[in-house]
Every structure is written in structure tokens, then in C-alpha cells.
Amino acid sequence: MALGQPRIEYKSNSEILKMREAGLVLAEALDEAVAMARPGVTTAAVDKVFAKVLERHGATSNFLGYHGFPANICASVNHEVVHGFPSDYELKDGDVLKIDGGAIVDGWHSDSARTVLVGKNIDPADQRLSDITEQAMWAGIAAAAKARFIGQIGTAIDDYVTSQPGDELGILEDYCGHGIGSEMHMAPDVLNYNSGHRGPRIKPGMALAIEPMLVRGGIETSVLEDDWTVVTNDKSNASQWEHTVAFTMGGIWVLSAHDGGEAGLAPFGVAPSPILP
């Protein structure tokens, strides 16, 4: 603690490189989990595929056992926003599945999430929801490359979402991004909306999980009896996208993206700054 505030962890280059290893394993695990998410497949089967990739690389899940969480991924379907349990639920054509997972390599963490639109009968409104959520994440990451304070990330996400034509989408305020490194959840919180507060100063060595969660309806949520699964009160569908981002002396590096964030950042005029081993 510093002046009553949680301590922010600043990583060395070698520690960030370990987080990059975890991020690449995680990206591969999510690739295979997304490919598995087809109509008729259970979310438990998606979880098993994810776990096998981690095992193959000698990595471990930072979700399994976390405060008693029973699986390697969160699998949240349709109006379930986050923290859903994988189960024997069989995915249906048109489902909106959020896969959120993490990996640990040599004690260093990565965290990432993707929205999967299952099958071929996709509601255009759900496609729009996922697309805007994903691009809002990249808008926040791109803003982080030039930002002085954490609060500017949430402002950039908010500005992107509210500038989109068409039906208004809600930005969840009760759940947010976070610091990450030697633990999965660390200081500081990374809000996904304009709170009016600038937050901590961004410095090299910091690493953040940036993860906007958007909904097609109201932003009021509840937690189910399992004490984990978060659902929208109005049953509107939700989307979540997330990447782990490190701040280097040269800029930012998206540790959980195969290309370090090059493709996602390019539309915003930002290039990643990887650390050489």
C-alpha cells in the first residue's frame, strides 16, 4: 500500500517477456477453444480443449481454483456477461459465447477474452455488438499508447462506443479491467467508461488487462445462485473482448495477441513496441 492505495507492480523487461510467453500460449488456447465452439458442442468440451493447449505447453490456468472457480475458462452465453461456468449446455446456432481465459508461465500471468458468434444464423445486432466491443477494446489500447493516466483508457472506450451510429449500447460499469503480472488481478482498476477521474499515471513496466463489456440493453446486472455468473437483468445479450497489454520504454505491447497488437492497432495509427529477448 502507498498512501492508502494498492501498490502497482512494475515489471522488468525479463518479466514482461515471461508474460509474453504466457500470452502466446493463451492466444493459441483461445484459438482452439473458439474453433471448438460450434452448435451441438458443450461449453465443457470447449473448456477441455483450452486446458489441453495449456498442458501441452507446460502452462497452468489462472482461473481454475481461483476463489473456488471450477474450470479453466469462463464460458458465458447470451445474456450471461462474464464468469459463467462451462457445463453440459450444448451451444446453439446463433448463441453469443464469451470465452475468457488465462495462462501462467513461470509465475507470470496473461488474461484474454473473445466473443464467439456460434454457427451461421447470427443476429446482425449481435454481430454489431461484438464488433463494436472488439473495436472499443482496440480504441482503449491505442489510447493507452499515448495516455498519461489510466482514466484516459476508459474515456477512449466510452467515446468510441457512444460515437457509433445505430442503437445505443450499454457499457457495464460494475466490472472492469485490471492490473496483471505476478497475480491475475492487481491494481489498478481499468474502467471502461469516462468516470471523470484520471487515475494513476501510466509508467513503463505496468501491465493491464483491458476488457470492455457491452450489452444491447440496460447495464443493470445480477449474480446467479452459483455466486459467479453475471447476467443482464433485462436478458439482453452481452459481449466481452480482452487483451493483456504491457507498457515498455518504447510504447505498448499486446502480450496476448499473436502479432503483438499490430493489426488491431494499425487503424488507430499505433504500432506495438515489443521487447527483444
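Residues numbered from 1 in each chain as written. Predicted model: local features only at pLDDT ≥ 70, side-chain atom pairs only at ≥ 80, totals over all residues. Heavy atoms only, no water.

Chemist: Residues and numbers for the sheet that holds strand β5 (residues 170-171), please.
Modeler: Reading across from one edge, β5-β9-β12 is the order of the 3 strands in this open sheet, with antiparallel pairing throughout. Each edge of the open sheet is held by one strand with a lone partner, namely β5 and β12 (238-240). Where strand β9 (residues 213-215) meets β12, 3 bridges bridge the pair, whose relative direction is antiparallel. By the bridge assignment for β12, leucine 214 is matched with serine 239. (Pairing = 2+ DSSP bridges. Helix = DSSP H or I, 4+ residues; strand = E, 2+ residues; numbered from the N terminus.)

Chemist: Break down the sheet that holds strand β6 (residues 177-179) for me, citing the residues and quoting the values.
Modeler: Pairing within the open sheet is antiparallel, and its 5 strands lie in the order β7-β6-β8-β13-β14. Each of the sheet's edge strands pairs with one partner strand only, and the pair in question is β7 (186-190) and β14 (252-254). Averaged over all pairs of adjacent strands, the angle between their axes in this sheet comes to 25°, without regard to strand direction. Across 4 bridges, strand β8 (residues 207-210) lies against strand β13 (residues 243-247) in antiparallel orientation. (Axes fitted to C-alpha atoms, helices over the stretch in contact; angles between N-to-C directions.)

Chemist: Give a description of the UniProt feature "binding site: a divalent metal cation 2" (unreviewed entry) in the protein that names residues and reports values.
Modeler: When the UniProt feature table is mapped to this numbering, "binding site: a divalent metal cation 2" (unreviewed entry) covers Asp111, His178, Glu211 and Glu242. Of the residues just listed, which span 132 residues, no C-alpha pair is farther apart than 10.7 Å, and they cluster in one region. Looking at the secondary structure, you find glutamate 211 in the loop between β8 and β9. Taking the relative accessible area as the measure of exposure, glutamate 211 reaches 6% and is therefore buried. Among the polar contacts made by the side chain of glutamate 211, one reaches the side chain of histidine 178 at a distance of 3.4 Å. Topologically, glutamate 242 is positioned in the loop between β12 and β13. Beyond its immediate chain neighbours, meaning those up to four positions away, glutamate 242 contacts Asp100, Asp111, Ser112, Ala113, Met137, His178, Ala209, Ile210 and Glu211. (UniProt positions renumbered as here; feature names shortened; annotations may be inferred. Buried < 20%, exposed > 50% of the residue type's maximum accessible area, 1.4 Å probe, protein only. Polar contact = N/O pair within 3.5 Å; in protein donor to acceptor, adjacent residues only side chain to side chain. Contact = heavy atoms within 4.5 Å.)

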